[in-house]
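# Structural characterization, general
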Amino acid sequence: TKLCAVFNDGFAAEKYFESKGVYPEFCDGKRVEFYLSPAVKAKDFKALQKLLKEAFLLYPYCGETQTQRIPAAAVLPKDTETEWVEFRQAEGRICALSCGLFPPCTPLFLTGERIEGEKCALLAKANNVYGVKDGKICVYKQ
């Protein structure tokens, strides 16, 4: 499983993780990606969650789409329900499952990101997608 976090200064966030003994797989200056295997223990995943929350506070994303990127774990209760909706009904909703095109498997929408119509239309047209099913996208219930 790939976990991707977006920061204003991804390289600084990457160094922060490394200083805590956690080594991301990839960083492009904004996105910091981690690959989790079935061998990752629950305690290690919880430690990563804690570090992510700290990193979001230290290196928040302040780009032009700041109002559209919401770290879901920071603003939504853990038990928030989700639902699958058709692409045309998803605009303006909050994405509950990262999804995008492959290759290269870089998300168009990250979990917690507000869904934009233009990117959603791209997902609807594409043949090779992940994180969607039967022409629907997973969103948090309103």
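Everything below is about the structure printed above this text.
The rules behind these values
- Residues numbered from 1 in each chain as written.
- Predicted model: local features only at pLDDT ≥ 70, side-chain atom pairs only at ≥ 80, totals over all residues.
- Heavy atoms only, no water.
- Helix = DSSP H or I, 4+ residues; strand = E, 2+ residues; numbered from the N terminus.
- Buried < 20%, exposed > 50% of the residue type's maximum accessible area, 1.4 Å probe, protein only.
- Contact = heavy atoms within 4.5 Å.
- Areas by Shrake-Rupley, 256 points an atom, 1.4 Å probe, with all protein chains shown as cover.
- Expected span 1.5 Å × (residues − 1).
- Arc of directions from axis to C-beta.

This brings us to the overall build of the chain. When its secondary structure is counted, the chain shows five helices and nine strands. Its helices and strands taken in sequence order, the chain reads β-α-β-β-α-α-β-α-β-β-α-β-β-β from the N to the C terminus. The 142 residues of the chain split such that 35% are buried. In the chain, 64% of the contacts between residues at least 6 apart in sequence involve partners at least 24 apart. Accessible surface, the chain as shown: approximately 8,700 Å² in total, 52% of it carbon and sulfur.

This part covers helix α1 (residues 10-19). Of the residues making up α1, those classed as buried are Gly10, Ala12, Ala13, Glu14, Tyr16 and Phe17. On its buried side, α1 packs onto β2 (26-27), β3 (31-35) and α2 (42-58). Of the residues one or two after α1, Gly21 is the one with positive phi, at around 85°.

What follows is about α2. Helix length check: α2, at 17 residues, gives a terminal C-alpha distance of 24 Å against a target of 24 Å (1.5 Å per residue), a fit within 8%. Every buried residue of α2 is accounted for by Leu48, Leu51, Leu52 and Ala55. Taken around the axis of α2, the buried residues stretch over an arc of 110°, which confines them to a single face. Projecting away from the buried face of α2 at angles above 90 degrees are the exposed residues Ala42, Lys43, Lys46, Lys50 and Leu57. Looking at the buried residues of α2, the elements they touch are β1 (2-6), α1 and β3.

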